[in-house]
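Survey of secondary and tertiary structure
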Amino acid sequence: MTGTAYIQQIQQMLLALGADAGLSVPALQQKYLGANGAFTVLAKQIAELDPNDRKAAGRPLNELKNALAAAIAAAGSAESANDWVDLSLPGKKPAVGHIHPISQAMAEITRIFTSIGFTRVRYPEVDWDWYVFESLNMPPDHPARDEWETFFVDRAPDSKKGQMVLTTHTSNGQVREMERLGEPPIRMINIARCYRRQQDVTHTQMFHQFEGLVVDTGITIQHLKGTLDYFAEQFYGPGTKSRIRPFHFQFTEPSFEVDFSCHLCNGTGCKFCKSGWHEVGGCGMVHPNVLRAGGIDPDVYTGFAFGWGVERTYTLKEGLAIDDIRLLYSGDLQFLEQF
Ligand code: DAH
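Quick caveat: nothing in here was measured; it's all calculated off a predicted structure.

Per the secondary structure count, the chain includes eleven helices and nine strands. Judged by the C-alpha coordinates and their principal axes, the chain covers about 130 × 55 × 35 Å. Buried positions account for 42% of the 339 residues belonging to the chain. Long-range pairs, those at least 24 residues apart, make up 66% of the contacts in the chain with a sequence separation of at least 6. Total accessible area on the chain is roughly 18,500 Å²; 53% of this is exposed by carbon and sulfur atoms. In the chain, the 31 positive side-chain charges and the 39 negative ones have mean positions that sit 6 Å from each other.

So, on to the side chain of arginine 176. Here arginine 176 shows up in helix H7 (residues 172-181). In this structure the side chain of arginine 176 is engaged in a polar contact, spanning 2.8 Å, whose partner is the side chain of aspartate 127. With residues up to four places along the chain from it excluded, the contact list for arginine 176 reads Tyr123, Pro124, Asp127, Trp128 and Tyr131.

Spatial strand order, E1-E4-E5-E9-E8-E7-E6: seven strands in an open sheet with mixed pairing. In the strand order of this sheet, the two ends are held by strand E1 (119-121) and strand E6 (242-249), each with one partner. Neighbour-to-neighbour, the strand axes of this sheet turn through a mean angle of 25 degrees, independent of strand direction. Direction of pairing for E6 relative to strand E7 (residues 252-261): antiparallel, over a ladder of seven bridges. Opposite arginine 243, over in E7, you have aspartate 259 as the bridge partner. Across the sheet, H7 is in contact with E1, strand E4 (186-195), strand E5 (206-216), strand E8 (277-286) and strand E9 (302-309); its angle to E4 comes to roughly 140 degrees. Strands E5, E6, E7, E8 and E9 of the sheet are contacted by helix H8 (residues 221-236), whose axis makes an angle of about 30 degrees with E9.

This brings us to the site of the ligand. If you check the shell around the ligand, you find 16 residues, and the closest are His169, Ser171, Arg196, Gln209 and Glu211. Within the side chain of histidine 169, an N or O atom sits 2.9 Å from a nitrogen atom of the ligand. In this structure, an oxygen atom belonging to the ligand sits 3.2 Å away from a main-chain N or O atom of alanine 305. Against a free-state accessible area of 350 Å², the protein chains account for coverage of 92% of the ligand. Where the shell around the ligand is concerned, the elements lending two or more residues are E5, E8 and E9.

Another point: unusual backbone geometry. Following proline 184, the chain continues to proline 185 via a peptide bond in cis, the omega torsion being 10 degrees. Topologically, proline 185 is positioned in the loop between H7 and E4. With a phi angle near 70 degrees, aspartate 141 is a residue other than glycine that sits in the positive phi range. Take aspartate 141: it is sitting in the loop between helix H6 (129-132) and strand E3 (164-166). Its identity as a non-glycine residue notwithstanding, serine 275 has a phi of 50 degrees, on the positive side. Among the structural elements, serine 275 can be located in the loop between E7 and E8.

Moving on: H7. Working note: α-helix, 3.6 residues per turn, so residues spaced by three or four point in the same direction. Of all ten residues making up H7, seven are buried, and the element is well covered by its neighbours. Of the residues making up H7, those classed as buried are Asn172, Gly173, Gln174, Val175, Arg176, Glu177 and Met178. Looking one or two places after H7, you find glycine 182, whose phi comes out positive at around 80 degrees.

The buried fraction of E7 is high, at eight of ten residues. Summarising the sheet, E7 and E8 pair through eight bridges and their orientation is antiparallel. Its bridge partner being in E8, phenylalanine 256 is matched across the sheet by cysteine 283.

The subject of this paragraph is the domain arrangement of the chain. The domain boundaries assigned to the chain delineate domain 1 (3-82) and domain 2 (101-336). Taking only C-alpha atoms into account, the centre of domain 1 sits 88 Å from that of domain 2.

The next subject is the pattern of salt bridges. One pass over the structure, following the stated rule, counts 14 salt bridges. Where lysine 317 meets glutamate 108, a salt bridge forms, and the shortest distance between an N and an O atom there is 2.9 Å. Placement of lysine 317 in helix H10 (residues 310-318) and of glutamate 108 in helix H5 (residues 101-114) is noted, with a sequence separation of 209 residues between them. Owing to a relative accessible area of 22%, lysine 317 belongs among the partly exposed residues under this scheme. On the basis of relative accessible area, glutamate 108 is assigned to the partly exposed category, the value being 21%. Between aspartate 259 and arginine 243 there is a salt bridge, with the nearest N and O atoms lying 2.9 Å from each other. Taken together, the residues aspartate 259 in strand E7 and arginine 243 in strand E6 connect sequence positions 16 residues apart.

Here is what the cut-offs are and how they apply
- Residues numbered from 1 in each chain as written.
- Predicted model: local features only at pLDDT ≥ 70, side-chain atom pairs only at ≥ 80, totals over all residues.
- Heavy atoms only, no water.
- Helix = DSSP H or I, 4+ residues; strand = E, 2+ residues; numbered from the N terminus.
- Buried < 20%, exposed > 50% of the residue type's maximum accessible area, 1.4 Å probe, protein only.
- Contact = heavy atoms within 4.5 Å.
- Areas by Shrake-Rupley, 256 points an atom, 1.4 Å probe, with all protein chains shown as cover.
- Lys, Arg positive; Asp, Glu negative; His and termini not counted.
- Charge placed at Lys NZ, Arg CZ, Asp CG, Glu CD.
- Polar contact = N/O pair within 3.5 Å; in protein donor to acceptor, adjacent residues only side chain to side chain.
- Pairing = 2+ DSSP bridges.
- Axes fitted to C-alpha atoms, helices over the stretch in contact; angles between N-to-C directions.
- Near = heavy atom within 4 Å.
- Domains from an automatic or database assignment.
- Salt bridge = Lys/Arg side-chain N within 4 Å of Asp/Glu carboxyl O.

Structural data, given as structure tokens:
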């Protein structure tokens, strides 16, 4: 091979090298400097040249080879520098959820009542007519039942306990708790899902209630009122008061509606309350027929009961004017992440 032909081969290789600029460092290494690489092959061909041309061809080849080797080494160390991890950088935070506001409210209600000796109980949320209505002094066809927009379960009724329904209120726990304990004292707090055939901006078909029941000897309205005041202060803050107004429920005699003073305006009246008060639920002294239905002698024992919705209790506390209560159960994270 002549010296000129050899130089032409070097030039061609350099052109090819230019076109290969995008190859990875290991690929360049192998293609140009490896055992069968372009430089290696050219270096071997030097032996075929005229001895006078060998030096003239060999020196530039060597210089080019060293320059390429240096460039490949530099690129290699830059590439591995990209693998370096800076441990001092702040980490990526995984998204963390939180407890649903209504679950938080139920936990707080549980804490308040269990700290004065109530026991949290759970009873079926699909229950017999007997526990939901009849044992609560509402015989079949009693008009008071109309209050509760009931979902009935499509199955054969039980000969003694009647039809199966989705619980319309947590009062179904009253006679169940009397049966469970057999004998007073009873101090129960029953928190559960309830269902009614109603759905609009202030109602969801599924909601929650909490129900208190205390039965013992010598229980009076004073115990009921004291318990309501205690709850008001614990849940809404010091100074919050309760008020009871005469009402009618089949399962209590006498019966009352329960109001709490507005903790946002201290009872002076604001846009969240009715003249300083919030109406929340019902209460009363357990009707003798209910005690009898639970196997308890009303001549020996008396009791009080109360019950109302968790959703309303919670939104009042926060002063939340939620335009559409259904948002609470929409699973909409943009909404829920605010709480
Ligand atoms: N169960 C009633 C309702 O859903 C609320 C209630 C009223 C519960 C009076 C009681 C009570 O325990 O004594 O509207």
